[in-house]
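Per-entry structural report
Each chain, letter by letter, is given below.
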Amino acid sequence: MDGQDPTLGCEREQKGQPAFTWEVWANNRAHHAQLRKRSAFCLSKKKYTGNAIKTAKYNVLTFLPLNLYEQFHRMANVYFVFVILLQTFPEISTLPWYTLLFPLSCLLTIRALRDLMDDIGRHQSDRNINSRPCEILCGESFCWQRWRDVCVGDIVRLHRDSLVPADMLLLCSSEPSSLCYVETSDIDGETNLKFRQALLVTHQELTSEGSLAAFDGRVTCEEPNSRMHSFTGVLQWRGETYPLDGQRILLRGCKLRNTNTCYGLVIYAGFDSKIMRSCGKIKRKKTKLDRMMDRLVVIIFLVLLATSLCLAVASGFWAKMFQEKHSYLAALYKHTTPAKQAFFSFWSFTILLSVIIPMSMYITFEFIYLVNSFFINWDLEMYYAVKDIPAKARSTSLNDQLGQVEYIFSDKTGTLTQNVMSFKKCCVNGTIYGLGTGHENKQPSGLVLTRSCHGEKTLDPNNVGLREAAHRNSDPVLREFLRLLALCHTVMVEERGDQLVYQAASPDEEALVLAARSLGYVFLSRTQDTITISELGVKRTYQVLAMLDFNSDRKRMSVLVRDPQGTIRLYTKGADTVILERLRGRGPNQDFTERALDLFAEETLRTLCLASKELSEVEYDEWGRRHRVANVLLQGRACELDRLYEEMEQDLELLGVTAIEDKLQEGVPETIQLLKLGNIKVWVLTGDKQETAMNVGYACKLLTDDMEILEEKEASEIFKAYWARNNVSGSACVSQQHSEPLCHKKRALVVSGDFLDTILPTGEVLQKKGQLWQQLSCHGATDPQEQGSLVEKAFVDLATSCQAVICCRFTPKQKALIVQLVKKHKKATTLAIGDGANDVNMIKTADIGVGISGLEGVQAVQCSDYALARFCYLQRLLLIHGRWGYLRICKFLRYFFYKTFAGLLTQVWFAFHNGFTAQPLYEGWFLALYNVFYTAYPVLSMGLLEQDVSAKKSLRFPELYTIGQQNQLFNYRIFSVTLLHGVSTSLTSFYIALWAFEDHVGSRTVGDYESFSVTVATSALLSVLMEIILDTKFWTALSFLMVTASLLLYCLFSFLTQSIDAFRIAPTVFRFPDATQNALTDPYILLVVLLSLVVNTIPSLTIRSYNAITGNTSIQQKICWKARQEPEPSVELRTHIPRGSFHRHSSYAFSHQEGYAGLITRGESLRTKGTHSTNDIHSTNDIHTTNSIHSTNDIHNTNDTHTTKGTRSTNSTHTTNSTHATNDICATTALHPQGTPPPWPSRHS
């Protein structure tokens, strides 16, 4: 975390940023309880929230009103309530009001129960988190309480492997100099440890529970915010002020590692903590089809009202003409007028035609969603047997949207990668050792590190060539190479029984030390100024004269040692770009080594150059004297140390190169390749460094060497050219500015969170306007809202024109912002996938959120819509389940609307022949059962089981996925065609029957209204079923059963509702006695029904035959045919990177910010014999320092000068020594009390 100087408070206020108004008084709950802040409606609430969190949406009181409020955001529900209200008026009612209320209640209940089950899961999760135990200082002693009991200002005691309950200021710990090691895997997915350090004054003074109880310090800091990587504040205690930065803060959700006990002061609790501020709010997600259905409901309702109005006007005119023509019937119309009759007819027609939007469609909709979610849960291909984790559809209403994803936003660590480094290959003295290499220059077989069943990394027994060469000990260069791996690092070690457990600042440095150990060069222990290793069984101790630590600017680290024979040697490792230019000259094997670098880079391995040189005593004495002077400079220390390091690291001799694999999750490159073929763009949003993210981008084939990489400089130039050429007209897009020269070239955009701050008002840097804002202002855009929209659109246009986008050093809030920008300006369907708490906000913001379930995926999964165990399962989730889900829902909607229009629009045509009286054509039971039993099952089977191609072919031809992205299976055009198709079917069914019944009667003289109704109903029903049969692509036993069941149910319910016995019991309810039996036993009517069926089916058969003959096939068939003719190449796991290109990747230089060298050389990480136990925290014999790591750009001079002897100042990242000695200035080699190796238990233990 980047520390900041609190003296910048005034400057922050001048820039419009909030001042430091958050005050925390230690051990003073009463003070915090009385402070309040303004809330809505001039109310106030407590300023300092409790530590209990609540992620659930409902409680007992709010569930019913809030859930109903959310459900009535669906226009269909509002429409149904409107129709029910109309049914309560007997003058216009055609059906009892409760007949519509019951299905609506069922629909609302089903959805409410689904939401309730989801929320119960959130309540359980909240209870589990809030009930976690912790120790809080109460009076003079600590007592066990729950997380929910923690308050701001409390002092909390944490033990090894416990989670941090709130954002806390580290006061002291059981480690030397109050260091504290934390693992942030639950926040960002990274398993390598990070260290925090308490202030020197609290480390020295707070040595007992009594002193902690008497601690009355006051912390003044920034208001709660979501900036995970920064903290600025001061501690005021005993009249002194001490600066605080991110290195002093333990964030909520971190896990304490390798530290027995630590004590912290709660600064932010509950929802004020940084991780909770970054999580965002729960958003109700609606699919594209949901939103379209809402608009269609409005359109259909308006058409319905227009149709009812026209029929009502016609009814009024018809009544007037009838009354004028038949004046002798005037007595019957004494209490009404044509206008009054038209008014009532309008509402009657509205109710009669309201079944055009059937309630049963929404109930079936929910059932299809639910079953398709079960299909995802039951997919054995997405079951991860290693950890017994199945796929889980946590949301049941987004399945169709899985088939429409255009952009995937992925986290890196834990999502694409395993965050495990593996030593794969090396090149030493002209020989390449490694898995899969041949024997160039008699190269032995390779080396690969694997994990045993006990978690210990060992050599692959099938590739022991390098081990044999090391044990022969015949190559002096190889000996120096392995010695360098064992000496040049900042790894800590602990002896646990007969095993050595290593802990490194980064996993790749650990991999190198483990490789050296496996080859016989074992790192045993270190003190402040020595390091002991075992070389092929011989124990040797080297005196450490200086450690030239790594940082991101130097891209290398060195260690200056004196071997047991007294020889002084410098060992250096770093990026090839910085090591090769510092060599003494071109050695005999340098050309071969550079070719090996290119070879390793082609395989996307992270390369690292190793070199060394020998120094004379005279050279070291001169350099060491100047180094000691530079270490105590108060000004310009970092620059002077840089100059000295640069001077020392010259005239090196190349020993060789290493190649480390940053292990991707299985199947990641293949999955990304398939997704790209499906026209899905993958963006990587990570909090990691740019070089690391780009390296993984190349490894997973998101980036290729034929891409032009646009970094921040190039992006800024494109933006400026855009404003200059278009004068901020807004008519052109950034992607077109360079489309001409780059029309045939792939591009990738790589930006950082800081760059995003300069162009977008993200809230991370409040009200800050960067150069691009100023550039924009100069070109005439004055409205800040307009400026923001134009800049946002310009950035999104540029990013979406690239084939890949990598965003580095992004905060959780910035990740969510990127997703929101793409949704806003591209109207695209987005999917976010991650495994850590820092991905929660992004997952909630995206249209679809996917959580990677595993060791670090708990919080991400809890907030996700779908949970997967591996990233590679995304291909099945999208390309199979997503595409099938979209296909099924679209076909379901299409045919549900078709069958509704085809069967029920006959009511409209009947109105033209019954005096516009709103008399129903069908009996009431047919209207009630038509959409529930007679036609629902075949459409339901289509919505559940329909497939256009198999799962295997869906993966083989990912181009099929583009159909959903383009909304080709259900849109306004498809709906219009469906409407016309339904209208034509209803017209044919009605008027063929009318023609048959107009002048002719059957052999049994069947020509009545009831028989006519049955004839039209049967014709429409059979036409609808035939259309569904013709369009079903995937037939199963269930499909046949559903069609058969529809016909049988029609016959069964017709017999039951039209029986003579039912008519005798309730003649007003069962009004069609024996109508179906009389009509359908007449051959004449059967021929009429057959004629209607043939006329309705011929157009569909004709269109299908024409398409088959002319080759005008469907889009799916075209893509499948093209894919078979021109198959895409299989996933290629190698790229061809020209030698000397910038695509080489250094494993060590790009892995982390800085190492532990400062801690080691100052002795702060090493326990001495006087180290106290867990309860007695500090050692009085240790010499302490205030800080361990500071910004590389600034040198901080602290104010905590409370030592009685000498003066001290803290070190920048380049400082390798503490300088608070008593009488003289301590050099790097100054002898402090020797210590034993610190306890560094493995994070895997």
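Throughout, residues of each chain are indexed from 1 in the direction in which the sequence is written. Since the coordinates come from a predicted model, pLDDT governs what is reported: local features require at least 70, and pairs of side-chain atoms require 80 or more to be given and counted, while whole-chain, interface and lining totals use all residues. Side-chain descriptors were evaluated using all non-hydrogen atoms of the structure, hydrogens and water having been removed beforehand.

A word on the overall build of the chain
What counts as a helix is a DSSP run of H or I of at least four residues, what counts as a strand is a run of E of at least two, and both are numbered from the N terminus. A count of helices and strands for the chain gives 42 helices and 39 strands. Scored against the burial criterion, the 1245 residues of the chain give a buried share of 59%. The contact criterion used is simple: two residues touch if any of their non-hydrogen atoms lie within 4.5 Å. Long-range pairs, those at least 24 residues apart, make up 74% of the contacts in the chain with a sequence separation of at least 6. Think of it in three bands: with a 1.4 Å probe and only protein chains considered, a residue is buried below 20% of the maximum accessible area for its type, exposed above 50%, and partly exposed in between.

Description of the pattern of salt bridges
Here, a salt bridge means any Lys or Arg side-chain nitrogen found within 4 Å of an Asp or Glu carboxyl oxygen. Taken as a whole, this structure holds 53 salt bridges when the rule is applied. Between Asp-865 and Lys-285 there is a salt bridge whose closest N-O contact spans 2.7 Å. Residue Asp-865 is located in the loop between α28 (858-862) and β39 (866-868), and its partner Lys-285 is located in the loop between α9 (274-277) and α10 (288-325); the two are separated by 580 residues in the primary sequence. Taken as a pair, Asp-865 and Lys-285 share a single burial class, namely buried. The partner of Glu-649 in a salt bridge is Arg-556, and the shortest N-O contact between them spans 2.5 Å. In this pair, Glu-649 sits in the loop between α19 (637-648) and β32 (653-664) while Arg-556 sits in strand β29 (residues 556-562), placing the two residues 93 residues apart along the sequence. For Arg-556, a relative accessible area of 4% puts it in the buried group. One salt-bridge network, held together by shared partners, links Glu-480, Arg-483, Glu-535, Arg-540, Arg-569 and Glu-614.

Brief notes about helix α18 (residues 617-631)
Taking 1.5 Å of rise per residue, 15 residues should cover 21 Å, and α18 covers 21 Å from first to last C-alpha, within 8% of that figure. Tucked into the core, α18 has its buried residues touching β28 (538-548), β29, β30 (568-574) and α19. To estimate how far a helix should extend, the number of its residues minus one is multiplied by 1.5 Å.

Here's the deal with the sheet that holds strand β33 (residues 681-685)
Strand pairing is assigned whenever DSSP identifies at least 2 bridges connecting the two strands. One open sheet accounts for nine strands, arranged β18-β39-β38-β37-β19-β33-β36-β35-β34; its pairing is mixed. Either end of the sheet is taken by a strand with one partner, and the two such strands are β18 (392-393) and β34 (707-710). Taken together, the four bridges between strand β19 (residues 407-410) and β33 define a ladder with parallel strand orientation. Bridging from a neighbouring strand, Phe-409 pairs with Trp-683 of β33.

Examining the pairing of strand β26 (residues 521-526)
The buried fraction of β26 is high, at six of six residues. Linking β26 back to strand β27 (residues 530-535) in an antiparallel pair, the connection comprises three residues.

Notes on the packing of helix α12 (residues 359-377) against helix α29 (residues 874-904)
Packing of α12 against α29 leaves a shortest axis separation of 11 Å and a crossing angle of 165°. The orientation of α12 relative to α29 falls into the category roughly antiparallel. Between α12 and α29 the crossing geometry is right-handed. Contacts from Ser-360, Met-361, Thr-364, Phe-365, Ile-368, Tyr-369, Asn-372, Phe-375 and Ile-376 in α12 reach Leu-877, His-881, Arg-888, Ile-889, Phe-892, Leu-893, Phe-896 and Phe-897 in α29. Side-chain classes follow a simple rule in which Ala, Val, Leu, Ile, Met, Phe, Trp, Tyr, Cys and Pro form the nonpolar group, Asp, Glu, Lys and Arg form the charged group, and the remainder, Gly included, forms the polar group. Of the residues belonging to the contact of α12 with α29, the class tally is 12 nonpolar, four polar and one charged. Think of each axis as a best-fit line through the C-alpha atoms, taken over the contacting stretch in the case of a helix, with angles from 0 to 180 degrees between the N-to-C directions. An angle below 35 degrees is treated as roughly parallel, one above 145 as roughly antiparallel, one from 65 to 115 as roughly perpendicular, and anything else as oblique. Less than a right angle of anticlockwise turn of the near helix away from the far helix marks a crossing as left-handed, whereas a clockwise turn marks it as right-handed.

A look at the packing of aromatic side chains
Within 6.5 Å between ring centres, the rings of Phe, Tyr and Trp (the latter by its six-membered ring) count as paired, and their orientation is classed by plane angle as stacked under 30 degrees, edge-to-face over 60, tilted in between. Scanning the entire structure with this criterion turns up 45 aromatic pairs. Residues Phe-897 and Phe-970 carry aromatic rings whose centres are separated by 6.4 Å and whose planes lie at 10° to one another, so their mutual orientation is stacked. On the criterion of sequence distance, the pair formed by Phe-897 in helix α29 and Phe-970 in the loop between α34 (962-965) and α35 (972-999) is long-range, its members being 73 residues apart. Look at Phe-970 and you get buried, because its relative accessible area is 2%.

Digging into the side chain of Asp-411
Of note, Asp-411 is situated in the loop between β19 and β20 (417-428). You can call Asp-411 buried: its relative accessible area is 2%.

Overview of the UniProt feature "active site" (unreviewed entry) in the chain
UniProt positions are given in the numbering used here, feature names are shortened, and annotations may be inferred rather than shown by experiment. The feature "active site" (unreviewed entry), as annotated in UniProt, sits at Asp-411 in this numbering. Under this definition, polar contacts are N or O atom pairs within 3.5 Å; protein pairs additionally need one hydrogen-donor-capable and one acceptor-capable atom, and for neighbouring residues in sequence, both atoms have to be side-chain atoms. Here the side chain of Asp-411 touches Lys-815 through a polar contact of 3.4 Å, side chain to side chain.

Thoughts on the pairing of strand β8 (residues 167-173)
Counting buried positions over the seven residues of β8 gives seven, a clear majority of the element. Of the pairings in the sheet, the one linking β8 to strand β17 (residues 261-268) comprises six bridges and is antiparallel in character. Its bridge partner being in β17, Leu-170 is matched across the sheet by Gly-264. Taken together, the two bridges between β8 and strand β15 (residues 249-250) define a ladder with antiparallel strand orientation. By the bridge assignment, Met-168 is partnered in β15 with Leu-250.

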